[in-house]
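Residues per chain are reported as follows:
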Amino acid sequence: MHHHERIQQPNHSNHQQRLAMLSNFSTSYNVVNIALVLPILRILFPTEHIHQDESFLASSLLVGMMLGQVLGGIMGDAIGRLRALRVVMILQMVASFASATMTSNWSSLAVWRCLLGVGAGGVYPLAAVLSAEQANSSSSSNNKDDDLHRVVLTFATQGVGFWMAPVVGYLLLLTCSNLQIVWRLLLGLGVLPGIFLFYLQWRVHKDPTSWEASYPPENEETPHLWQGGTPQTAMTTTEPSSNTANSITENDSDGEETTVLDSAAEPDGLFDDRVHEQQTWWESVRNEPQLVQKLLGTAATWFLFDVLFYGNALFQPIVLEAAFGNSETNTLASLQLMARNSLILASIALPGYGVAAFLMGRSDISFLPSQTPRYVMLQGFACMAVLYGVIGMFWNALKRIHPSVLLLLYGLTFFFSNYGPNTSTFVLPSMVYSESCRSSLNGVSAAAGKLGAFTGASLFAPAAYQWGNAAVMLICAVVAVLSFFLTQACVPSDYHAIAMVQEDDTDDELRILDVPLARNQQDEEQTNPADGGVEGQEL
């Protein structure tokens, strides 16, 4: 039987966390900036079927994201997390630049936005999995709360990207009166985070003091990290090179001798380009424990949440106009007001990401229950149900008499979305699935969310036209209640236990294999001391 080698690495890599956070920030900015561009395009590119053009543009992005989330997740398991991340980020950068420079009508922009959606969608599963796996080789990495905190921190950069889009749009509208330049810059600036991400990887690769850069030169068995290799998965099926032989035994940080299998027992994150060869990808998915329940807990809840989250975007201009009015007749002034109002709403929602990043996973606050992903998701759906119900029952009165209260209640729905199911649905797939199919099933869950976004965006507008805005808000309350009960039934109360069961299965196999390896090593060293260890040892 074959087994993967893992080469010892430092206890922690901030570099990988930065890559995950930066890619997620880039994705969120590139996805939401179109909301500020659409009002400008209505002025610059008027057509007879303007609403159909806008709907087609929005749909092209969502379709691209669903495709990208599935493909990006599969690529993460097939070719490795870092290599897959580089592929989808290049795609995102090309599409972002082309959207700004090679677009002259609605149709061409829709094509580039679809391609951008593929790149942006691919980041979702890869960024989450990278954050969850990066420090698993640390001696203290059994604390799954550390993994959780890193994934939540990565997700929080989504909120920063959502906030940055109206900031950039508002500043551009204040400083430039040429709308052609404004919308193209707003889209084109989305390429900058990707450029910075590749600069960080280049600097790490070129820095002679960097641990990654000092990794042994690439060969068939230990490809270089920069080329997307899998140094931790070098197989011992043939005679190893001197580098491999020398790496089979080494001293860890406390001076205790370790073996290849010691480090293999702990999945690493820096060398995360893992290719699982013990079983096929499809076998990994089929053999995933409690697969149906897990998919209901990650994919179905994500679907229902995005129905609410994206469907409610329909009401943003209504709520903002009720709260602040729109008496501007000047085109530029009206656009500035729209960007300012979007910035206010994003600022109300932003603290939810910060609260989630601070509290998620903590159990040491005496006056709060343990902030597990399940609990945070339940309390988020519960609060959203109450808020939607109040808004729906008193919609007309709030809109006419108390617009500021309407704005506050509506903003709180986004706060409890972010400190609630928005964060938990991003986190859970990277925590509950086995490593061999984690990225793929994360992508499937994220794609289910975007299917929910498409459903909500498609159904809420005709429902509001048919039954009124108040009725749609009450429907949102019902969906939130259904999501609450689905979470209670299918989301595990202790994600630690699931992760530990999966790790124990791997550890049991490693403990069986570790004894003959050590014994055979001693035999080989006695017979061939000059060769320094195992010759052609096969597991």
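Above this note sits the structure.
Attention here is on the structure that accompanies the text.

Cut-offs used in this document
- Residues numbered from 1 in each chain as written.
- Predicted model: local features only at pLDDT ≥ 70, side-chain atom pairs only at ≥ 80, totals over all residues.
- Heavy atoms only, no water.
- Axes fitted to C-alpha atoms, helices over the stretch in contact; angles between N-to-C directions.
- Helix = DSSP H or I, 4+ residues; strand = E, 2+ residues; numbered from the N terminus.
- Left-handed = near helix turned anticlockwise from the far one by under 90°.
- Contact = heavy atoms within 4.5 Å.
- Nonpolar A, V, L, I, M, F, W, Y, C, P; charged D, E, K, R; others polar.
- Expected span 1.5 Å × (residues − 1).
- Buried < 20%, exposed > 50% of the residue type's maximum accessible area, 1.4 Å probe, protein only.
- Core = buried A, V, L, I, M, F, W, Y, C linked by side-chain atoms within 4.5 Å.
- Parallel < 35°, antiparallel > 145°, perpendicular 65-115°, else oblique.

## A look at the packing of helix α2 (residues 34-44) against helix α7 (residues 179-188)
It is at 10 Å that the axes of α2 and α7 come closest, and there the two elements cross at 150°. For the crossing formed where α2 meets α7, the hand is left-handed. Facing Leu36, Val37, Ile40, Leu41, Ile43 and Leu44 of α2, the residues of α7 in contact are Leu179, Gln180, Val182, Trp183, Leu186 and Leu187. Split by residue class, the contact of α2 with α7 holds 11 nonpolar, one polar and no charged.

## Thoughts on helix α1 (residues 14-32)
Given a rise of 1.5 Å per residue, 19 residues ought to cover 27 Å, and the 27 Å separating the end C-alpha atoms of α1 matches this to within 8%. Along α1, 15 of the 19 residues are buried, which leaves the element largely enclosed by surrounding structure.

## A word on the nonpolar core
In this structure, Phe315 and Tyr410 are the most contacted members of the largest nonpolar core, which totals 71 residues. Apart from residues lying up to four places away in sequence, Phe315 is in contact with Trp395, Tyr410, Phe460, Asn469, Val472 and Met473. Grouped together as the second largest cluster of nonpolar side chains are 26 residues, Leu41, Leu109, Leu173 and Leu335 included.

## Quick notes on the packing of α2 against helix α14 (residues 331-359)
One can describe the packing of α2 onto α14 by two numbers: an axis separation of 10 Å at closest approach and a directional angle of 165°. If you check the angle between α2 and α14, you find them roughly antiparallel. By crossing handedness, the relation of α2 to α14 is classed as right-handed. Each of Leu36, Pro39, Ile40 and Ile43 in α2 lies in contact with α14, whose residues at this interface are Thr331, Leu335, Met338, Ala339 and Ser342.

## Section: unusual backbone geometry
Even without a glycine there, the phi angle at Gln290 is positive, about 50°. For Gln290, the location among the structural elements is in the loop between α11 (281-286) and α12 (291-311).

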